[in-house]
Amino acid sequence: VQTKLREWVSVKDFGAVGDGTTDDTAAFVAALAAHDFVYVPPVVGSSYRITSTITITGTKTLAGPDGGSQAFQHTAIYHDPAATGELFNVTSSEQQGVCIRNMRILGGNGTWAIKSSRSYCRYEFLHMEVYTGGGIQLLSTGIGSSSSKLINCQWVGPASATAYTAYEIDVSGGDVWLYGCTAIRGAIGLNIIQGQTIIVDKCSFNKQTRSPNVSGGPYSSATQFNTAGIKLTGTDYKDAISIRNCYLEALDNAVYVESCESLTIEDNLFQDVGAAGNGGVWTVVGNSAINLVSSAAKNVTIKNNRFVSNSNGASGDPFYGIYFNDAANALYLNDYYEHD
């Protein structure tokens, strides 16, 4: 019986209170040091207050009870705005992964909710709303965060204009999967800096825009081409990127590509893209649903997408459903335009 009871522990076994006022940081740290599986029980109407970064090493799972979807998670963690650094720093020299799941993450201090430099990690059913800071960042430092999965996570930024990014992938390896994730408000929904074999499937990106005309906007304080639903940033190596079955709405740029060796964009719905044009705040070339910036965007396949009610710009600024520019080896077929 004792062996069975020791299979997992609760943060409350180590003194966590969960009243929204008591500092529960030390209890979380002690629980994670003591066991590989740590349960975070819900506290009705309250949250666990964390005041400094919790570093997670080794093979660990930190989990609340399953609420069934991103929006209905019973356990809440409050990242104190006065704290320094990210909420969770996931790092280790080991290959085995870490899992953080089934929680609401509130508050935020302008940094990240999760900064991960660990491979084989899973971040599942995390509801970050309203979160003042970036959501989840996968890094190439240390052992790197390849072979990681973000599943059914939701990030909602502040109602004011910010430069926050919901999800960022900067991995030296690959095999990263985003499934069923949502980003609402902020500057960039998903920023891919480097990595290969990255699949973005059944995700939703909404209101990454500088437009004042999008219900309560603007939501981005970034410059024009640093505002996008999905952005492939810079010249670092990016290959075998797949964006499929996604919903992209009320954005300045839906997919903005600075470089990529191989990219597939298929079976997505683009709606009300080019939103900043409605406010007359474009500069140079207007925004586009899919914007392939230069010849560094190579081997691009765009097929079976639907473009609905996208903007035609303002003050003479052009808008394009797809802006090919000098993209190399681009294939385009079976796309549908309605009321563009």
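Look a little higher up for the structure.
Not measured: the values here are computed from a predicted model.

Procedures and definitions
Residues numbered from 1 in each chain as written. Predicted model: local features only at pLDDT ≥ 70, side-chain atom pairs only at ≥ 80, totals over all residues. Heavy atoms only, no water. Helix = DSSP H or I, 4+ residues; strand = E, 2+ residues; numbered from the N terminus. Rg over C-alpha atoms; globule rule 2.2 N^0.38 Å. Buried < 20%, exposed > 50% of the residue type's maximum accessible area, 1.4 Å probe, protein only. Contact = heavy atoms within 4.5 Å. Core = buried A, V, L, I, M, F, W, Y, C linked by side-chain atoms within 4.5 Å. Phe/Tyr/Trp six-rings, centres within 6.5 Å; stacked < 30°, edge-to-face > 60°. Salt bridge = Lys/Arg side-chain N within 4 Å of Asp/Glu carboxyl O. Polar contact = N/O pair within 3.5 Å; in protein donor to acceptor, adjacent residues only side chain to side chain. Pairing = 2+ DSSP bridges. Arc of directions from axis to C-beta.

Caption draft 1: Region of interest: the overall build of the protein chain. Within the protein chain, the secondary structure is distributed over 2 helices and 27 strands. Against the globule reference of 20 Å for 340 residues, the protein chain gives a C-alpha radius of gyration of 21 Å, in line with a compact fold. By its C-alpha atoms, the protein chain is 70 × 40 × 30 Å across when sized along the principal axes. Across the 340 residues of the protein chain, 57% fall into the buried class. Across the protein chain, the fraction of contacts at a sequence separation of at least 24, relative to all contacts at a separation of at least 6, is 70%.

Caption draft 2: Seen up close, the nonpolar core. By size, the foremost hydrophobic cluster in this structure holds 75 residues, and its most contacted members are Ile100, Tyr123, Ile136, Tyr167 and Phe270. Not counting chain neighbours up to four residues away, the residues in contact with Ile100 comprise Ile56, Leu62, Phe88, Val90, Ile114, Arg122, Tyr123, Glu124 and Leu126.

Caption draft 3: Seen up close, the packing of aromatic side chains. Considering all chains together, one arrives at 6 aromatic pairs under this definition. Here Phe270 and Phe307 contribute two aromatic rings whose centre-to-centre distance is 4.8 Å and whose plane-to-plane angle is 5°, an arrangement assigned as stacked. Taken together, the positions of Phe270 in strand β21 (residues 269-273) and Phe307 in strand β24 (residues 306-308) put the pair 37 residues apart, joining distant regions of the chain. Accessibility assignment for this pair places Phe270 and Phe307 in one class, buried. By the ring-pair criterion, three or more aromatic residues cluster together here, those being Phe270, Phe307 and Tyr337.

Caption draft 4: A look at the pattern of salt bridges. If you walk through the whole model with that rule in mind, you get 11 salt bridges. Residues Lys202 and Asp201 are paired through a salt bridge, measuring 3.9 Å at the closest nitrogen-oxygen approach. For Asp201, a relative accessible area of 6% gives the class buried. Its salt-bridge partner being Lys298, residue Glu261 comes within 4.0 Å of it at the nearest N-O pair. Of this pair, Glu261 sits in the loop between β19 (255-257) and β20 (263-266) while Lys298 sits in strand β23 (residues 298-303), and the two are 37 residues apart along the sequence. Using a relative accessible area of 32% as the deciding quantity, one classes Lys298 as partly exposed. A single salt-bridge network, built from bridges that share partners, covers Asp201, Lys202 and Arg244.

Caption draft 5: Quick look at the side chain of Asn206. Structurally, the position occupied by Asn206 is in strand β15 (residues 204-206). For Asn206, a relative accessible area of 13% translates into the label buried. Engagement of the side chain of Asn206 in a polar contact is seen with the side chain of Glu249, the distance being 3.0 Å. Residues within four places of Asn206 in sequence aside, it is in contact with Ala183, Ile184, Arg185, Glu249, Ala250 and Leu251.

Caption draft 6: Spotlight on the side chain of Ser204. Tracing the sequence through the fold places Ser204 in strand β15. With relative accessibility at 19%, the residue Ser204 sits in the buried group. Apart from residues lying up to four places away in sequence, Ser204 is in contact with Cys181, Thr182, Ala183 and Tyr247.

Caption draft 7: Examining the pairing of strand β12 (residues 165-179) more closely. Sheet topology places strand β9 (residues 134-138) next to β12; 3 bridges connect them, and they run parallel. By the bridge assignment for β12, Leu138 is matched with Ile169. With 3 bridges joining them, strand β10 (residues 149-151) and β12 adopt parallel strand pairing. The residue of β12 that forms the bridge with Lys149 is Trp177.

Caption draft 8: Representation of the pairing of strand β6 (residues 99-107). As judged from the 3 bridges shared by strand β4 (residues 61-63) and β6, these two strands associate in the parallel manner. Considered in β6, the bridge of Thr61 is made with Cys99. Both strand β5 (residues 76-91) and β6 contribute to a ladder of 4 bridges, which runs parallel. Bridged to Ile77 within β6 is Ile105. With 7 bridges joining them, β6 and strand β8 (residues 122-131) adopt parallel strand pairing. Directly across from Ile100, in β8, lies its bridge partner Tyr123.

Caption draft 9: A look at the environment of Thr51. For Thr51, the position within the fold is in strand β3 (residues 48-56). Separated by 36 residues in sequence, Thr51 and Leu87 have C-alpha atoms that sit 8.3 Å apart. With residues up to four places along the chain from it excluded, the contact list for Thr51 reads Asp23, Thr25, Asp80, Ala83 and Thr84. Polar contacts involving the side chain of Thr51 include one to the side chain of Asp23, which spans 2.6 Å.

Caption draft 10: Fine view of helix α2 (residues 25-34). Where α2 is concerned, the buried positions are Thr25, Ala27, Phe28, Ala31 and Leu32. Viewed end-on, α2 has its buried residues packed into an arc of 165°, placing them on one side of the element. Along α2, exposed side chains directed more than 90 degrees from the buried face belong to Ala26 and Ala33. Next to the buried residues of α2 lie β1 (9-10), β2 (37-39), β3, β4 and β5.

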